[in-house]
Amino acid sequence: MEKNENRVDVSTLKDFNLSPSWDTQEKHKFSSNKTSDKTRRKKEYPSKSRGRATIPESKNSEFFYSVLPLQDIIREIKQKIKETSITYSLKEIADVIAQKTDRLAVKIVCKSKSKNLWQSKNTKRIYDEKDEAIHELLNLTKNKIIVSVLNSEELPKGKFNYVLQCPRTQKLLPPTNFHDFKQIVEHHLLESEIRTSTDAYVNKLIKISDKDQIDCWSKEVIKRYSYKLVNDSEPELYTLEKIKSLVEEKIETYFLKFNQIVVGAKEFDNLPSSINREINIFLKNNKIWRKDFFISCIIFFKKSPFYTFKKGEFLYVRYNARKSAKEMNANKLVNKIIKLISEKKNINKRTIVELLKTEEITTKEIFVEIKWLAKTGYINEYSNGTLDLN
């Protein structure tokens, strides 16, 4: 065979290796017809039950998980199959997709019907608790939904035995019995972009009893604020607590609510850290999800104009319907190709070229006719270069 022969190349798929190996002598090992349907089903169709899996390491998880091929990857593979007319086994396709996490998506389903996931329309981040979603929304630094308005400022009055210090900013804050202590702390959280609940934050404040530091704080002006919604048609001033209530009342203005959602691997960072950890554990244990993943791949390809068919133990997918070559009117070269394929089981392109190439018949002509036969559905051209009749 000519070394510089024109080959059909499917390897242009990003990071994929689905290109045909024309020079290989390896054949598809199709099983005999004696293999029982039950045995075949066990080997390639492990389960018709598409149950959602949970994580052994986290049985208390609130979610079911299942792994799907990324839609963009499926579209890309379909396009390449259409362009090249190569017939692939679905196992081969599923294995290639599963090689890299960024080709996968995970379906997250809440176990409880009363449980919901919340996705920000603005940032696309996903939250598993409504309160956390609202808290994050109010703390946005870009596209803010609230603005603060200064109400009053005054020096602290009275004697104080201690003050509190923020462990992150080192700012001194009033003692817990100070008037409007909670509102002052909440504004500090908002202003400093500290993303935690007020109660959890207060528990981490450092108690300062040093007289000099207390005197220093007592000379600082205490500021009190009100807040308003940016896009409110009739802007009014509210406490931060009231703002939270207003946002909760019209939460679906800011968030999409789901009981289940499909998230691509590149969007995993938008998930809560607890769910992200569970998914990473789940993906590493591929024995849990590979069966259902394979069935998902079958479903994606069982749509016209793609056709699936069984041969031996394997299920294959090709573009366009299969046709019989018996009633075909063709030229001499095509007839010779058909004859060779029918007489020699699992013959490959290399052998056909060696047998048919002459001074009058070039490698390119043989390739063109084989490609036409595969594209129109008269033969199957497999990824390892072997050919058979439909």
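Look a little higher up for the structure.
The structure displayed is predicted, hence computed values, not measured ones.

Re the packing of helix α3 (residues 90-98) against helix α10 (residues 286-301)
When two helices pack together, their arrangement is captured by the angle between the axes and the distance separating the axes. Contact geometry for α3 and α10: axes closest at 10 Å, N-to-C directions at 120 degrees. In the packing of α3 onto α10, the handedness of the crossing is right-handed. Note on element contacts: α10 touches α3 through Trp289, Arg290, Phe293, Phe294, Cys297, Ile298 and Phe301, opposite Leu90, Lys91, Ile93, Ala94, Asp95, Ile97 and Ala98. The class makeup of the residues in the contact of α3 with α10 is eleven nonpolar, no polar and three charged.

A short note on the sheet that holds strand β4 (residues 117-120)
What the three strands build is an open sheet, ordered β5-β4-β11; its pairing is antiparallel. At either end of the open sheet lies a strand with only one pairing partner, and these are β5 (126-127) and β11 (255-258). Alignment of β4 against β11, held across four bridges, turns out to be antiparallel. Residue Ser120 lies in a different strand from β11, and its bridge partner there is Phe255.

Details of the packing of aromatic side chains
Taken as a whole and judged by the stated rule, the model has twelve aromatic pairs. Geometrically, the ring pair formed by Tyr127 and Phe255 is edge-to-face, given 6.1 Å between the ring centres and 85 degrees between the ring planes. Of this pair, Tyr127 sits in strand β5 while Phe255 is found in strand β11, placing the two residues 128 residues apart along the sequence. Each of the two residues, Tyr127 as well as Phe255, counts as buried.

Considering helix α11 (residues 332-343)
For α11, which comprises twelve residues, the first-to-last C-alpha distance of 16 Å matches the rise-based estimate of 16 Å (1.5 Å per residue) to within 8%. Taken together, the buried positions of α11 are occupied by Leu333, Val334, Ile337, Ile338, Leu340 and Ile341. In a view along the axis of α11, the buried residues occupy a sector of 165 degrees, so they form one face of it. Every exposed residue of α11 that faces more than 90 degrees away from the buried side is listed here: Lys332 and Glu343. Against the buried residues of α11 lie α12 (349-356), α13 (363-376), β15 (379-382) and β16 (387-389). Among the residues of α11, the N-terminal cap falls to Asn331, whose side-chain oxygen and the backbone nitrogen of Leu333 are separated by 3.2 Å.

Rules behind the numbers
Residues numbered from 1 in each chain as written. Predicted model: local features only at pLDDT ≥ 70, side-chain atom pairs only at ≥ 80, totals over all residues. Heavy atoms only, no water. Axes fitted to C-alpha atoms, helices over the stretch in contact; angles between N-to-C directions. Helix = DSSP H or I, 4+ residues; strand = E, 2+ residues; numbered from the N terminus. Left-handed = near helix turned anticlockwise from the far one by under 90°. Contact = heavy atoms within 4.5 Å. Nonpolar A, V, L, I, M, F, W, Y, C, P; charged D, E, K, R; others polar. Pairing = 2+ DSSP bridges. Phe/Tyr/Trp six-rings, centres within 6.5 Å; stacked < 30°, edge-to-face > 60°. Buried < 20%, exposed > 50% of the residue type's maximum accessible area, 1.4 Å probe, protein only. Expected span 1.5 Å × (residues − 1). Arc of directions from axis to C-beta. Polar contact = N/O pair within 3.5 Å; in protein donor to acceptor, adjacent residues only side chain to side chain.

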